[in-house]
Amino acid sequence: MYIDAYLQMRYEQARGVLAEVILEKAIRRFREQRLRMLIDQALDRRDEAAFYRYSSELNGMRKD
């Protein structure tokens, strides 16, 4: 019985870690897509400062 409880606990921990990884990836993907959209908008407006700001942030994300 003790082993079953231990295995159940480890299974729940693994599920929690997996859920965190999936959520972090989804958030990162969302941020990257948002930055690409903002970069496109900055280019459309010819807003050089915004373009460099968003591009820098996107490049910083890629280094992580």
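Described in the following lines is the structure provided in the data block. Given the structure is predicted, the values throughout are model-derived calculations rather than measurements.

Re the pattern of salt bridges
Side chains that carry opposite charge are capable of pairing whenever their charged atoms lie near each other.
Piece 1. This structure, assessed with the given rule, holds four salt bridges.
Piece 2. The partner of glutamate 57 in a salt bridge is arginine 31, and the shortest N-O contact between them spans 3.3 Å. Of this pair, glutamate 57 sits in helix H2 (residues 48–63) while arginine 31 sits in helix H1 (residues 2–45), placing them 26 residues apart in sequence.
Piece 3. A relative accessible area of 36% means that glutamate 57 is categorised as partly exposed.
Piece 4. Where arginine 45 meets aspartate 47, a salt bridge forms, and the shortest distance between an N and an O atom there is 3.4 Å.

Remarks on unusual backbone geometry
Piece 1. You will see that arginine 46, though not glycine, has its phi angle at about 60°, which is positive.
Piece 2. Among the structural elements, arginine 46 can be located in the loop between H1 and H2.
Piece 3. For arginine 46, a relative accessible area of 77% puts it in the exposed group.

Remarks on H1
Piece 1. The end-to-end C-alpha distance of H1, which contains 44 residues, comes to 64 Å, matching closely the 64 Å that a straight helix rising 1.5 Å per residue would cover.
Piece 2. Along its buried surface, H1 packs onto H2.
Piece 3. Downstream of H1 by a residue or two, arginine 46 has a phi angle that is positive, lying close to 60°.

Calculation rules
Residues numbered from 1 in each chain as written. Predicted model: local features only at pLDDT ≥ 70, side-chain atom pairs only at ≥ 80, totals over all residues. Heavy atoms only, no water. Salt bridge = Lys/Arg side-chain N within 4 Å of Asp/Glu carboxyl O. Helix = DSSP H or I, 4+ residues; strand = E, 2+ residues; numbered from the N terminus. Buried < 20%, exposed > 50% of the residue type's maximum accessible area, 1.4 Å probe, protein only. Expected span 1.5 Å × (residues − 1). Contact = heavy atoms within 4.5 Å.

This is a description of form; function is not addressed.
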